[in-house]
Amino acid sequence: MTQTQDAARSRTFSWSDPGINAAQVGRRGGLELLRAMIAGELAAPPVMHLIDMARMEADEGRVVVELVPQEFHYNPLGTVHGGVISTLLDTAAGCAVHTTLPVGVGYTSLDLNVKFLRPVTVDSGTLRCEGTVLQSGRRTALAEARLTDGRSRLVAHATSSCLLLPLDLPAA
């Protein structure tokens, strides 16, 4: 990815076919799948390139993603757009749930409740978003995500409910 800071700013990026990763969902446990992406065995999903997520780590029931705020994240007010912040929170919370899923089980977000606590700008430093599973049952899971700035101040918080569903996988 390239970003220039001339008067005429531009940005380009590329991504891999998302269908390759999608074909792996449910065929591997959730934690195994995310760790394969982190290790580079599977490509990162396009959204990570779109908003330029910098780093990810995953453990059972916990995921951390990072992002360095850039001008291309800005809204008309001169701060990082709430949609970018929400995407980080949704990613961390949803992926935390994903780490708990066995082979043959998928999930989808049912809701995302976000609280924005501080404005975020390029001066905020690296954003760190940690998602954790609070409760997981047979049909639903509840996760939270906390977004902190470069000074470890909480800038946003979210909770997310996810629907867990068995996947009807075609034979390999």
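Because the structure is predicted, anything quoted here is derived from the model rather than measured.

Calculation notes
- Residues numbered from 1 in each chain as written.
- Predicted model: local features only at pLDDT ≥ 70, side-chain atom pairs only at ≥ 80, totals over all residues.
- Heavy atoms only, no water.
- 1 Å grid on protein atoms, 1.4 Å probe; cavity = no way out; pocket = protein on both sides within 12 Å on 5 of 7 lines; lining within 4 Å.
- Points joined across faces, edges and corners; volume = space filled by probe spheres on them.
- Helix = DSSP H or I, 4+ residues; strand = E, 2+ residues; numbered from the N terminus.
- Nonpolar A, V, L, I, M, F, W, Y, C, P; charged D, E, K, R; others polar.
- Pairing = 2+ DSSP bridges.
- Axes fitted to C-alpha atoms, helices over the stretch in contact; angles between N-to-C directions.
- Contact = heavy atoms within 4.5 Å.
- Buried < 20%, exposed > 50% of the residue type's maximum accessible area, 1.4 Å probe, protein only.
- Polar contact = N/O pair within 3.5 Å; in protein donor to acceptor, adjacent residues only side chain to side chain.
- Salt bridge = Lys/Arg side-chain N within 4 Å of Asp/Glu carboxyl O.

**Describing the layout of surface pockets**
Next up, step 1: Roughly 460 Å³ of volume is contained in the largest pocket.
Next up, step 2: In terms of lining residues, the largest pocket is bounded by 22 residues, among which M37, P45, C95, H98 and Y107 are the most central.
Next up, step 3: Here the lining of the largest pocket takes 5 residues from helix α4 (residues 82-98), the largest share from any one element.
Next up, step 4: Tallied by class, residues from the lining of the largest pocket come to 15 nonpolar, 6 polar and 1 charged.

**With respect to the sheet that holds strand β3 (residues 53-59)**
Next up, step 1: The sheet built from 6 strands is open, its strands ordered β3-β4-β6-β7-β8-β5 with antiparallel pairing. Of all the strands in the sheet, the pair left with one neighbour each is β3 and β5 (105-116). Averaged over all neighbouring strand pairs, the angle between strand axes comes to 20°, with direction disregarded.
Next up, step 2: Bridge analysis of β3 against strand β4 (residues 62-67) gives 6 bridges, and the strand direction is antiparallel. Paired with R55 across the two strands is E66, which belongs to β4.
Next up, step 3: Strands in contact with helix α2 (residues 30-38) are β3 and β4; relative to β3, the strand with the most contacts, it is inclined by about 145°.

**Looking at the environment of D111**
Next up, step 1: The residue D111 is located in strand β5 in this model.
Next up, step 2: Judged by its relative accessible area of 38%, D111 falls in the partly exposed class.
Next up, step 3: Sequence separation between D111 and D149 is 38 residues, and the spatial gap between their C-alpha atoms is 24 Å.
Next up, step 4: The residues contacting D111, other than those within four sequence positions of it, are T159, S160 and S161.
Next up, step 5: Of note is the side chain of D111, whose polar atom sits 2.9 Å from the backbone nitrogen of S161.

**Here we look at the side chain of H73**
Next up, step 1: Mapped onto the elements, H73 comes out in the loop between β4 and α4.
Next up, step 2: A polar atom in the side chain of H73 sits 2.7 Å from the backbone oxygen of I51.
Next up, step 3: Look past the residues within four positions of H73 in its chain and what remains in contact with it is I51, L67, V68, T79, V80, H81 and V84.

**So, unusual backbone geometry**
Next up, step 1: One non-glycine residue with positive phi stands out, namely D52, at about 70°.
Next up, step 2: For D52, the location among the structural elements is in the loop between α3 (46-51) and β3.
Next up, step 3: The backbone of S152 shows a phi angle near 65°, a positive value even though the residue is not glycine.
Next up, step 4: Looking at the secondary structure, you find S152 in the loop between β7 (140-148) and β8 (154-166).

**Some points on the pattern of salt bridges**
Here the idea is simple: oppositely charged side chains can pair when their charged atoms come close.
Next up, step 1: In this structure the tally under the stated criterion is 9 salt bridges.
Next up, step 2: The salt bridge partner of R62 is D59, with a shortest N-O separation of 3.0 Å.
Next up, step 3: For R62, the salt bridge identified is with E130, shortest N-O distance 2.8 Å. You can see R62 sitting in strand β4 and its partner E130 sitting in strand β6 (residues 127-136), a full 68 residues away along the chain.
Next up, step 4: In the salt-bridge network here, residues are joined through shared partners; they are R35, R55, E57, D59, R62, E66, R128 and E130.

These figures capture arrangement, not role.
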